[in-house]
Amino acid sequence: MKLHAVHHLYQQRLAQSTRPFKARGANVERCSQCMVVSRLCICEEKVSYPTNAAFLLVMYDDEVLKPSNTGRLIADTVEDTFAYIWSRTEPNKEMLDLVNDPKWQPYIVFPAQYAEPERVHAEPVITEGKRPLFIMIDGTWQEAKKIFRKSPWMARFPVLSIKAEALSRYGVREASGESQLATAEVAAKVLALNGDRLAGESLDAWFDVFREHYLTGKKQRQLPVPGALDKYREVVQRQFKD
């Protein structure tokens, strides 16, 4: 399977670690790419898509190491996905060059209540000749707010605010508020807003596959029949027909 930006970042972060990262369930044998229990690996099912939109994942220090992370699902689905570890004092130069490249039109995807009203947009408005670059802050809710507040380079970009119309389906981690969606759930809505409907629908279904397989392995259960994977395959087949 072709490795993407989050896979490479995972390997870089592991190489920098001075001691093993102990996430919950650290003793479980997992696939190093999809991060679910090895017997439930979903890597062979993954389908990625070329899209008009691109994503930049700005990840809190150890987020990329967590098996429960859903940012990698965006990179699984959207071919143009970039990923970097956040630093308050020394932001990655390659990342800054990316957001400053004139071919991109960056948007910070974040709740409206944390930004100045004049920065907030309900949908992306893209200048002709540019491609949208949606910047996703990936971490716990407290970490995400810290990154948003303490990243001066983000302050000049508009904010795209996504409203949660239903409760998160995640269930892998506890959220501090019912209106908080997982990173991949938000990205699926962003793709739909941007007109990348097929990729958005696929990411939404892929999120359910990951969630179901992750929780099945965590709770040592059997996969339901039919399950999320059957629905995902239907989405993929329908899209190729389109």
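Predicted, not measured: the structure shown is a model, and the values here were computed from it.

About the cut-offs
Residues numbered from 1 in each chain as written. Predicted model: local features only at pLDDT ≥ 70, side-chain atom pairs only at ≥ 80, totals over all residues. Heavy atoms only, no water. Helix = DSSP H or I, 4+ residues; strand = E, 2+ residues; numbered from the N terminus. Contact = heavy atoms within 4.5 Å. Areas by Shrake-Rupley, 256 points an atom, 1.4 Å probe, with all protein chains shown as cover. Buried < 20%, exposed > 50% of the residue type's maximum accessible area, 1.4 Å probe, protein only. Pairing = 2+ DSSP bridges. Right-handed = clockwise from strand over helix to strand, strands pointing away.

When helices and strands are tallied, the chain shows seven helices and six strands. The N-to-C order of helical and strand elements in the chain reads α-β-α-β-α-β-β-β-α-β-α-α-α. Considering only contacts in the chain between residues 6 or more positions apart, those separated by 24 or more positions represent 78%. With an accessible surface of roughly 12,900 Å², the chain has 48% of that area assigned to carbon and sulfur atoms.

So, about the pairing of strand 1 (residues 54–59). Strand 1 sits mainly inside the fold: six of its six residues count as buried. Burial along strand 1 is two-sided: Ala54, Leu56 and Val58 facing one way and Phe55, Leu57 and Met59 facing the other are all buried. In this sheet, strand 5 (residues 131–138) lies alongside strand 1 in parallel orientation, the contact comprising six bridges. Looking across to strand 5, one finds that Leu56 is bridged to Ile135. Direction of pairing for strand 1 relative to strand 2 (residues 81–85): parallel, over a ladder of five bridges. Across the sheet, residue Met59 finds its bridge partner in strand 2, namely Ile85. With respect to chirality, the unit in which strand 1 leads through helix 2 (residues 71–77) into the neighbouring parallel strand 2 is right-handed.

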